[in-house]
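Single-letter residue listing:
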Amino acid sequence: MSEACLRNQAPIADVLAQELEADAFVLEIGSGTGQHAAYMTRHLPGIKWQPSELAGRLEGINGWRQRSGQVGFLPPLILDVSQDLWPVKQVDAVFSANVVHFIGWPQLRSMMTGIARVLKQGGLALLYGPYNYAGQYTSEGNQRLDQWLREQNPEAGIKDFEQVILAARKEKLRLLKDIAMPANNRMLVLQKY
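Residues numbered from 1 in each chain as written. Predicted model: local features only at pLDDT ≥ 70, side-chain atom pairs only at ≥ 80, totals over all residues. Heavy atoms only, no water.

In this section: the overall build of the protein chain. Counting secondary structure elements, the protein chain contains six helices and seven strands. Beginning at the N terminus, the succession of helices and strands in the protein chain can be written as α-β-α-β-α-β-β-α-β-α-α-β-β. Taken against the 2.2 N^0.38 rule, which gives 16 Å for 193 residues, the C-alpha radius of gyration of the protein chain at 15 Å falls within 12% of a compact globule. Split into buried and exposed, the 193 residues of the protein chain put 50% on the buried side. Of the contacts formed within the protein chain by residues at least 6 apart in sequence, a portion of 72% connects residues at least 24 apart. Here the protein chain displays about 9,400 Å² of accessible surface, and carbon together with sulfur accounts for 50% of that area. For the protein chain, the centre of its 20 positive side-chain charges and the centre of its 19 negative side-chain charges are spaced 5 Å apart. (Helix = DSSP H or I, 4+ residues; strand = E, 2+ residues; numbered from the N terminus. Rg over C-alpha atoms; globule rule 2.2 N^0.38 Å. Buried < 20%, exposed > 50% of the residue type's maximum accessible area, 1.4 Å probe, protein only. Contact = heavy atoms within 4.5 Å. Areas by Shrake-Rupley, 256 points an atom, 1.4 Å probe, with all protein chains shown as cover. Lys, Arg positive; Asp, Glu negative; His and termini not counted. Charge placed at Lys NZ, Arg CZ, Asp CG, Glu CD.)

Shown next, in the form of structure tokens:
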């Protein structure tokens, strides 16, 4: 069980309820434990939630899927954002929580390309997590997190908001909203145009 997920799932569900159509087909990138999928399909019962994760990390998601019993909680797919072909064709929305700062820039660019490829015209990408603004951390906690991330993987780290938006724009994803979330996190809402 992820403590971070427990803290952020209700505020995330509130944003998704406002931004998504009631029957949206959502691809989640980096589903981790599967807790978000269980929570979102329980609180947004009309959506179809497609979890995805790296190979070898699907067991926890399958466990949450079995326990939740939610019809909209689909079987997880193997997805590495760096791969050229993604295992889904077209979705209404892509959601990702706390992935952007765990990956390096090459993976983030690949992720943006993949998102643009699978999103339908007018579809939304919702990217939750911490971001820096004008090269500055938004909190001491985020600065400590960034240091820890870079110790684990020198390519990882909290990304500058402006650079993320630039990478998105190159893939025809424009920023609609930058929503403040709890614990110095943000929800970037991007739309494919």
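Still to come is the rest of the account.
A word on the pairing of strand 5 (residues 119-129). Strand 5 sits mainly inside the fold: eight of its 11 residues count as buried. Relative to strand 5, strand 4 (residues 91-97) runs parallel, the two being bridged by six bridges. By the bridge assignment for strand 5, Ser96 is matched with Leu127. In this view, the connection linking strand 4 to its parallel neighbour strand 5 by way of helix 4 (residues 105-118) has right-handed handedness. (Pairing = 2+ DSSP bridges. Right-handed = clockwise from strand over helix to strand, strands pointing away.)

This part is about the side chain of Gln50. Looking at where Gln50 falls in the secondary structure, it is placed in strand 2 (residues 48-53). Take Gln50: its relative accessible area is 7%, and that puts it in the buried class. Within the local environment of Gln50, its side chain forms a polar contact with the backbone oxygen of Pro75, the two atoms lying 2.7 Å apart. Contact partners of Gln50, with chain neighbours within four places excluded, come to Phe25, Val26, Leu27, Glu28, Leu74, Pro75, Pro76, Leu77 and Val88. (Polar contact = N/O pair within 3.5 Å; in protein donor to acceptor, adjacent residues only side chain to side chain.)

Within the secondary structure, Leu85 is located in the loop between strand 3 (77-78) and strand 4. Taking relative accessible area as the criterion, Leu85 reaches 71% and is therefore assigned exposed. Along the sequence, Leu85 and Gly114 sit 29 residues apart, while their C-alpha atoms lie 7.9 Å from each other.

Before going further, it helps to examine the packing of aromatic side chains. Scanning the model with the defined rule gives three aromatic pairs in all. Centre to centre, the rings of Trp49 and Phe95 are 5.6 Å apart; their planes meet at 55 degrees, and the pair counts as tilted. Of the two residues, Trp49 sits in strand 2 while Phe95 sits in strand 4, which places them 46 residues apart along the sequence. Classification of Trp49 as buried rests on a relative accessible area of 0%. The exposure class assigned to Phe95 is buried, which follows from its relative accessible area of 0%. (Phe/Tyr/Trp six-rings, centres within 6.5 Å; stacked < 30°, edge-to-face > 60°.)

Take unusual backbone geometry next. Even without glycine at this site, Ala134 takes up a positive phi of about 50 degrees. Given the relative accessible area of 63%, Ala134 is considered exposed. Of note, Asn184 is a non-glycine position whose phi angle comes to about 60 degrees, a positive value. Its place among the elements puts Asn184 in the loop between strand 6 (173-181) and strand 7 (185-192). Of the residues examined, Asn184 reaches a relative accessible area of 38% and is grouped as partly exposed.

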